[in-house]
Structure formats: C-alpha cells, structure tokens
Amino acid sequence: SGCPNAGYTVEYTNAGNTVTLEDDMQGGTVYIGKKYSASFKPTAPRQFDQNQLAVSRGRLVCNTYNIDFEDSVRFNTTSISKGNTYTKEYEGYIAGESLIGNPDISSGTFKVAIKEKNSDMRFSITSDTHFPVRITNIDYEGQYSPNARR
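Residues numbered from 1 in each chain as written. Predicted model: local features only at pLDDT ≥ 70, side-chain atom pairs only at ≥ 80, totals over all residues. Heavy atoms only, no water.

### A word on a negative patch on the surface
Just so we agree on the cut-off: To count toward a patch, a residue needs a relative accessible area above 30% and no salt bridge. Like charges then connect within 9 Å, nonpolar side chains (Val, Leu, Ile, Met, Phe, Trp, Tyr) within 5 Å. Here the open area of atoms and residues is found with the Shrake-Rupley method and a 1.4 Å probe, where only the protein chains shown may cover a residue. The rule for a salt bridge is simple: a side-chain nitrogen of Lys or Arg has to be within 4 Å of a carboxyl oxygen of Asp or Glu. The convention is simple: Lys and Arg are positive, Asp and Glu are negative, and His and the chain ends are not counted. Charge positions are represented by NZ for Lys, CZ for Arg, CG for Asp and CD for Glu. Labels follow the DSSP assignment, with helices taken as runs of H or I lasting at least four residues and strands as runs of E lasting at least two, numbered in each case from the N terminus.
Where like charges cluster on the molecular surface, the negative patch consists of Glu11, Glu22, Asp23 and Asp24. Summarising the element assignment, Glu11 is placed in the segment before β1 (12-15).

### Re the nonpolar core
Cut-off, in case you're wondering: Buried residues of nine kinds, namely Ala, Val, Leu, Ile, Met, Phe, Trp, Tyr and Cys, make up a nonpolar core once their side-chain atoms join them within 4.5 Å. Think of it in three bands: with a 1.4 Å probe and only protein chains considered, a residue is buried below 20% of the maximum accessible area for its type, exposed above 50%, and partly exposed in between. In what follows, residue pairs with any heavy atoms lying within 4.5 Å of each other are defined as contacts.
With 12 residues, the main nonpolar core is built from Cys62, Tyr65, Ile67, Phe69, Phe75, Tyr90, Phe110, Val112, Ile114, Met121, Phe123 and Ile125. Put simply, the parts of the chain that give this core at least two residues each are β4 (59-72), β7 (106-117) and β8 (121-127). Considering each element in turn, this core owes the most residues, four residues, to β4. Sequence-distant contacts of Phe110, that is, excluding residues within four places in its chain, are made with Tyr65, Asn66, Ile67, Phe69, Phe75, Thr77, Lys88, Glu89 and Tyr90.

### What to know about the pairing of strand β5 (residues 75-81)
Short version of the rule: Pairs of strands are assigned from DSSP output, requiring at least two bridges between the strands.
Of all seven residues in β5, five are buried, a share of seventy percent or more. Following β5, the chain reverses through two residues before pairing antiparallel with strand β6 (residues 84-90); Lys82 in that reversal takes a positive phi of roughly 50 degrees. Pairing between β5 and β8: six bridges, direction antiparallel. Of the residues in β8, the one forming a bridge with Asn76 is Thr126.

### Examining the packing of aromatic side chains
Convention followed: Stacked, tilted and edge-to-face are the three classes applied to pairs of Phe, Tyr and Trp rings, where Trp contributes its six-membered ring and a pair requires centres within 6.5 Å; stacked means planes under 30 degrees apart, edge-to-face means over 60, and tilted covers the rest. Placement of a charge over a ring requires the Lys NZ or Arg CZ to be within 6 Å of the ring centre, with the centre-to-atom vector within 35 degrees of the ring normal.
Counting across every chain of the model gives six aromatic pairs. Here the aromatic rings of Phe75 and Phe110 are separated by 5.6 Å at their centres, their planes lie at 90 degrees, and the arrangement is edge-to-face. Of this pair, Phe75 sits in strand β5 while Phe110 sits in strand β7, and the two are 35 residues apart along the sequence. Take Phe75: its relative accessible area is 1%, and that puts it in the buried class. Aromatic ring contacts, followed pair by pair, group Phe69, Phe75, Tyr90 and Phe110 into a single cluster. The positively charged end of Lys88 is found above the aromatic ring belonging to Phe110, 4.9 Å away from the centroid.

As structure tokens, then:
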C-alpha cells in the first residue's frame, strides 16, 4: 500500500541480496515475483442429441465464445482456423476508472467472435503475467445444420 503504481511491472537488476528497480516506486510496499505462464484449451463444441450422444453428422458453426471470469486482470484468447491466427486480449481496464498501468481486478463475460466450423478451428486462453485469472465458464453461440438423409 502507499505505492501510486500498484500492479505496475518494472525491470530490475539484482546483485547478491540487493534488488534495484529501474523506476522509482515512490514509497509503499514492493512485491517481487516472476511471470507465470498458464494456458487452457477447451475441447471443440459438439452438438448432442436427446440421449446426450454426440452427433457426428451435420455442420456446427461456432459464432461466439462467451468466457465468464471472476477476479481477473488480463488474459489472451487465440483462435486458429485454416492456418490463420486471431488473438484478442482482455486487459482489465475499466473506462473512466482505471489508471494507466494499473488494471482493475474485475469479473464479467468476455465475448470472442469465432465464426468457424467447429472441426476447422482450435481455441485457447493464455496468460503470462503475475495478475490473477480465473475462468468460471465457457459457452458458445452457434448454428447447427443437420445433414438430410435420403
């Protein structure tokens, strides 16, 4: 507490038991740690019949992933489809409330547009910061078209 730049990441050097920060933190408590990489790759969405069995015929297009999160600051989403990679970042800044360099811990739903056939894409959520990330639910909005039998 007391530091005007809480949550700020700063470069440092260390020699023996002494750590020297590159920027002036202007007082307060300073915590030092390492970045931690985490990733999650959900299984591709599937259509199920009334008996809860996966339907293998038909076409399922995933339009949007809805990612519910709690007490989180920053994470990235990546979708890969047909050799193209799309990345979207949730940064945790709240318009009119957040200070630059000081993202807020927040909860909510982050929507990511996909618009691809479920079997043609891969999706992941990653984080490589010291900030917390807690994903509580992922669902999707899509369209299913059954194959007609003759």
